Amino acid sequence: MRFFVNVDHVATVRQARRTDEPDPVAAAVACERAGADGITIHLREDRRHILDDDVMRMCAAIATHLNLELATADDIVKLATDLKPHHATFVPERREEITTEGGLDLTVDSGRPDPRLKHAIATLRGVGVRVSLFIDPDKTSIQRAAELGVEAVELHTGEYANQYRDTNAPLERLQEAANLAEAAGLAVHAGHGLTYRNVQLVAAIPEIEELNIGHSIVSRSIMVGIESAVSEMRALIAAARVD
Ligand code: PXP
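Keep in mind that this is a model prediction, so the values were computed, not measured.

Student: Sorry if this is basic, but what is going on with the site of the ligand here?
Tutor: For the ligand, the set of nearby residues contains 14 residues, the closest of which are Glu69, Glu154, Gly193, Gly214 and His215. One nitrogen or oxygen atom from the side chain of glutamate 69 is found 3.0 Å from an oxygen atom belonging to the ligand. Within the backbone of glycine 193, an N or O atom sits 2.8 Å from an oxygen atom of the ligand. In the complex, 94% of the free accessible area of the ligand, which totals 390 Å², lies under the protein chains. Among the detected pockets, the ligand sits in the largest pocket. Class assignment for the residues of the shell around the ligand results in 3 nonpolar, 8 polar and 3 charged.

Student: Please explain the layout of surface pockets as it appears in this structure.
Tutor: Take a probe with the size of a water molecule and roll it over the atoms, and the empty space left behind shows itself. In this model, the largest pocket occupies a volume close to 630 Å³. If you trace the largest pocket, you find 31 residues lining it, with His9, Thr99, His192, Gly193 and His215 closest to the centre. The greatest single-element share of the lining of the largest pocket, amounting to 4 residues, is contributed by helix H7 (residues 158–163). Here the residues of the lining of the largest pocket are counted per class, giving 6 nonpolar, 18 polar and 7 charged.

Student: Would you explain helix H2 (residues 24–33) in this entry?
Tutor: Structurally, the α-helix is built with 3.6 residues per turn, so residues lying three or four positions apart point the same way. Counting buried positions along H2 yields 7 of 10 residues, so the element is predominantly enclosed. Inspection of H2 places Pro24, Val25, Ala27, Ala28, Ala30, Cys31 and Glu32 among the buried residues, and these make up the whole buried set. Packed against the buried residues of H2 are strand S1 (2–6), helix H1 (8–17), strand S2 (38–42), helix H3 (52–61) and helix H11 (226–240). Measuring from the side-chain oxygen of the N-cap residue of H2 to the backbone nitrogen of valine 25 gives 3.1 Å; that N-cap residue is aspartate 23.

Student: Teacher, can you tell me more about the pattern of salt bridges here?
Tutor: Once their charged atoms are close, side chains differing in charge can pair, the charge on each being opposite to the other. Scanning all chains against the criterion turns up 18 salt bridges. Here aspartate 46 and arginine 48 are joined by a salt bridge, their closest N and O atoms 3.0 Å apart. Under the relative-accessibility criterion, aspartate 46 is labelled partly exposed at 28%. For arginine 48, a relative accessible area of 25% puts it in the partly exposed group.

Student: Quick question: what am I supposed to make of unusual backbone geometry here?
Tutor: Glycine aside, a negative phi is what most residues show, and trans is what most peptide bonds show. Residue glutamate 21 is joined to proline 22 through a cis peptide bond whose omega torsion reads 0 degrees. Tracing the backbone through its elements, the reader meets proline 22 in the loop between H1 and H2. Within the chain, arginine 47 stands out as a residue other than glycine whose phi angle is a positive 50 degrees. Assignment of secondary structure puts arginine 47 in the loop between S2 and H3. For lysine 84, which is not glycine, the phi dihedral falls at a positive 50 degrees. Looking at the secondary structure, you find lysine 84 in the loop between helix H4 (74–83) and strand S4 (87–90).

Student: Which parts of the structure should I look at to understand the side chain of threonine 81?
Tutor: Structurally, the position occupied by threonine 81 is in helix H4. Here the side chain of threonine 81 touches valine 77 through a polar contact of 2.5 Å, landing on its backbone oxygen. When near neighbours in sequence (up to four residues on either side) are disregarded, threonine 81 contacts Thr123, Leu124 and Val127.

Analysis parameters
Residues numbered from 1 in each chain as written. Predicted model: local features only at pLDDT ≥ 70, side-chain atom pairs only at ≥ 80, totals over all residues. Heavy atoms only, no water. Near = heavy atom within 4 Å. Polar contact = N/O pair within 3.5 Å; in protein donor to acceptor, adjacent residues only side chain to side chain. Areas by Shrake-Rupley, 256 points an atom, 1.4 Å probe, with all protein chains shown as cover. 1 Å grid on protein atoms, 1.4 Å probe; cavity = no way out; pocket = protein on both sides within 12 Å on 5 of 7 lines; lining within 4 Å. Sits in = over half its atoms within 2 Å of the grid points. Nonpolar A, V, L, I, M, F, W, Y, C, P; charged D, E, K, R; others polar. Points joined across faces, edges and corners; volume = space filled by probe spheres on them. Helix = DSSP H or I, 4+ residues; strand = E, 2+ residues; numbered from the N terminus. Buried < 20%, exposed > 50% of the residue type's maximum accessible area, 1.4 Å probe, protein only. Contact = heavy atoms within 4.5 Å. Salt bridge = Lys/Arg side-chain N within 4 Å of Asp/Glu carboxyl O.

Note that all results are geometric; they support no functional claim without further evidence.
As structure tokens, then:
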């Protein structure tokens, strides 16, 4: 299983003072030293944490893979097309949200996929970027993602993270969605809201091949340093994995 660390919130702390520290690129390199298989960043339209310059510096500095999260804004798709990160994950984006709240709605425009999304997928795939779609773990979203011809889906684990103490239903939905996505020929990623307490049940789903985890790791890094925070998470994932 690949383990990607999302370093957006290192940049969130920097942007609280609009200074140059802490540096998300230096943090990403430390994450790699501690065993991360890749780095994830989200270049949001409002540039609230990661900035264009971070994306450029990140591409040059890291030795593993970059997963760039983005919506379909033209300037951001253009930057991604120029920089060609290893993979790009399309996410929904609303300015007023605190974080990405749900998966992409692939039924916009009266049941047909959003033409902007279709075009952005084709543009990035055309320059060799592997494209993933962040979706809720449901059958329709998986079918639509497969029809869009992307390489992967990232299953939104937020519902699981909010409810795992009370009910198994969200975990069962994730398992079912992972089976469906794999059967549809899609690589399966997962993330959002995963923590040191809840990661293992998701990491144990065999069809999931990549996890993206951010807030919990950056939070723990304040207490123990980012390399320890990453290696603790890495160890939990490894222990949960039976393959
Ligand atoms: N995956 C996607 C698509 C996301 O947008 C985010 C949040 O930026 C994450 C994973 C990581 O979520 P968290 O910060 O809750 O670990």
